[in-house]
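Structural overview for review
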Amino acid sequence: MTRAVGILGLGHYVPEKIITNTDMEKIVETSDEWITERTGIKQRHIAAPEEATSDLAYNAAVEALKDAGVAPEELDLVIVGTASSDYIFPSTACLVQARLGAKNAAAFDLAAGCSGFVYSLAVASQMVKSGLYNKILIIGAETLSRIMNWTDRNTCVLFGDGAGAAVVGEVEEGYGVLGIDMGADGNGGKFLLQPAGSRNPASEETVAAKDHTIHMNGQEVFKFAIQIMGKTAKRALAKANMKPEELDMLFPHQANYRIITSAAKRLKMPMDKVWVNVDKYANTSAASIPIALCEAQKAGALKKGDNIILDGFGAGLTWAAIVLKWSK
Ligand code: ACO
């Protein structure tokens, strides 16, 4: 008999400082009206100067471990999905592992852009299912504000900082992860990237060209997102042997309200079954889905036995959807 695997506990953390759309009007030529209409975003949380991605990740992890009733020493593995790690190396997961005192855990980062948390859940769930590990901490954490071009209105209004974490482990039979779909199309990598790296090592020229910041072709990413969110969700549902109408809640990646409503439409889900918080946090990349899940749990919106779907897309280009029967 195979093991059922699900989420044992959730935690999230967002930095205290809020930058509203009206504040953004003082930074670039934009307006609250434009940002609200095109994206649904009203504000974003921004990390304090002394805070980095591992600090946000750590805070979310502490809450998730408490919620799961799991001690750091019980963890077998820490995975951090991120596109804004503290350092190129060591991994942010290693920094979190050390700070938690998770001395029995292996640790690595997972690079799948905004799909990072859903990819991490896919990897972790299969490692527990196989019996290799028993308890895995997965975290989506970002300080995108550090890699944003604050003079480019096409991108800087879209992103925010935050972290969400989950402890993955064995759950009651019939509950937990029921269907997974993951994919990638590296041909679209050029539409959303941070160009500095080993191909383009740091120099005065790369700094002047702002190659260490996010470069994005918004329209191409938008076109990709609206078709892939529905497709990947339907594939995950098919693997779970479930119809969209059996879903109780959709947790889409929070990039843009128009992308979210289009995904809901493709799944014929009414918006009251879709968790939306892009207005409060903007796009927190890999952190957006676990923050949403954690908020829903805290609001009492998740009940044992609920069928939910996590539906993400991101840089790579990547996408992933996971169907779960909520087990808590
Ligand atoms: N304020 C005011 N005007 C702006 C702003 C702004 N912040 N940004 C762009 N504009 C202007 C543009 O310059 C353009 O003006 P022009 O017509 O004079 O050239 C006009 O608004 C329209 O721009 P578009 O790009 O056509 O606007 P669009 O409706 O496509 O919306 C947006 C842009 C919001 C970026 C949209 O394309 C989008 O959401 N794309 C997906 C982005 C995304 O999800 N990225 C994250 C992926 S996940 C990850 O891995 C990080």
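Every chain begins its residue count from 1, and numbering advances along the sequence as written. In keeping with the model being predicted, local features are shown solely for residues with a pLDDT of at least 70 and side-chain atom pairs are shown and tallied solely at 80 or more, while totals for entire chains, interfaces and linings include all residues. The side-chain numbers reported here are obtained from all heavy atoms of the structure, hydrogens and water having been left aside.

1. Concerning the overall build of the protein chain
Counting from the N terminus, the helices are DSSP H or I runs at least four residues long and the strands are E runs at least two residues long. A tally of helices and strands in the protein chain yields eleven helices and 13 strands. Here the protein chain has a C-alpha radius of gyration of 19 Å; the compact-globule value for 328 residues is 20 Å, and the two agree. Along the first, second and third principal axes, the C-alpha set of the protein chain runs to 55 × 45 × 35 Å. Within the protein chain, the fraction of its 328 residues that count as buried is 55%. The contact rule is simple, with two residues in contact once any of their heavy atoms fall within 4.5 Å. Of all intrachain contacts in the protein chain linking residues separated by at least 6 positions in sequence, the fraction that spans at least 24 positions is 77%. The quantity called the radius of gyration is restricted to C-alpha atoms. Its globule counterpart is 2.2 Å times the number of residues to the power 0.38. Here's how the labels work: a residue is buried when its accessible area is under 20% of the maximum for its type, exposed when over 50%, partly exposed in between, all with a 1.4 Å probe on protein chains only.

2. A few points about the layout of surface pockets
For each structure, a 1 Å grid was placed over the protein atoms alone; sets of points admitting a 1.4 Å probe that cannot get out are labelled cavities, open sets with protein on both sides within 12 Å along at least five of seven lines are labelled pockets, and lining residues have an atom within 4 Å of a point. Grid points are joined across faces, edges and corners, and a volume is the space filled by probe spheres set on the points. In this structure, the largest pocket encloses a volume near 900 Å³. Along its surface, the largest pocket is lined by 35 residues, and A83, S84, S85, I147 and Q194 are the ones closest to its centre. Each residue is assigned to one class: nonpolar for Ala, Val, Leu, Ile, Met, Phe, Trp, Tyr, Cys and Pro, charged for Asp, Glu, Lys and Arg, and polar for all the others, Gly among them. Counted by class, the lining of the largest pocket contains 18 nonpolar, 14 polar and three charged residues. In this structure, the second largest pocket spans a volume of roughly 500 Å³. Forming the walls of the second largest pocket are 20 residues, and the residues nearest its centre are L158, M216, G218, Q219 and N256. Mapped by element, the contributors of at least two residues to the lining of the second largest pocket are α2 (32-39), α8 (218-239) and α9 (257-266). The biggest single contributor to the lining of the second largest pocket is α8, with four residues.

3. Overview of the sheet that holds strand β4 (residues 77-81)
Pairing between strands is defined by DSSP: at least two bridges between the two strands are required. Sheet architecture is open: five strands sit in the order β1-β7-β6-β4-β5, paired in mixed fashion. At either end of the open sheet lies a strand with only one pairing partner, and these are β1 (5-13) and β5 (106-110). Averaged over all adjacent pairs, the angle separating strand axes in this sheet is 20°, with direction ignored. In terms of strand pairing, β1 meets strand β7 (residues 161-170) through eight bridges, oriented antiparallel. Pairing of I7 across the sheet is with V168, part of β7. Whenever a helix is involved, its axis is fitted only over the stretch in contact; in every case the axis is a line through C-alpha atoms, and angles between N-to-C directions fall within 0 to 180 degrees. Relative to the sheet, helix α3 (residues 53-68) contacts β1, β6 (136-143) and β7, its axis offset from that of β1 by approximately 130°. Strands β4, β5 and β6 of the sheet are contacted by helix α4 (residues 92-100), whose axis makes an angle of about 140° with β5.

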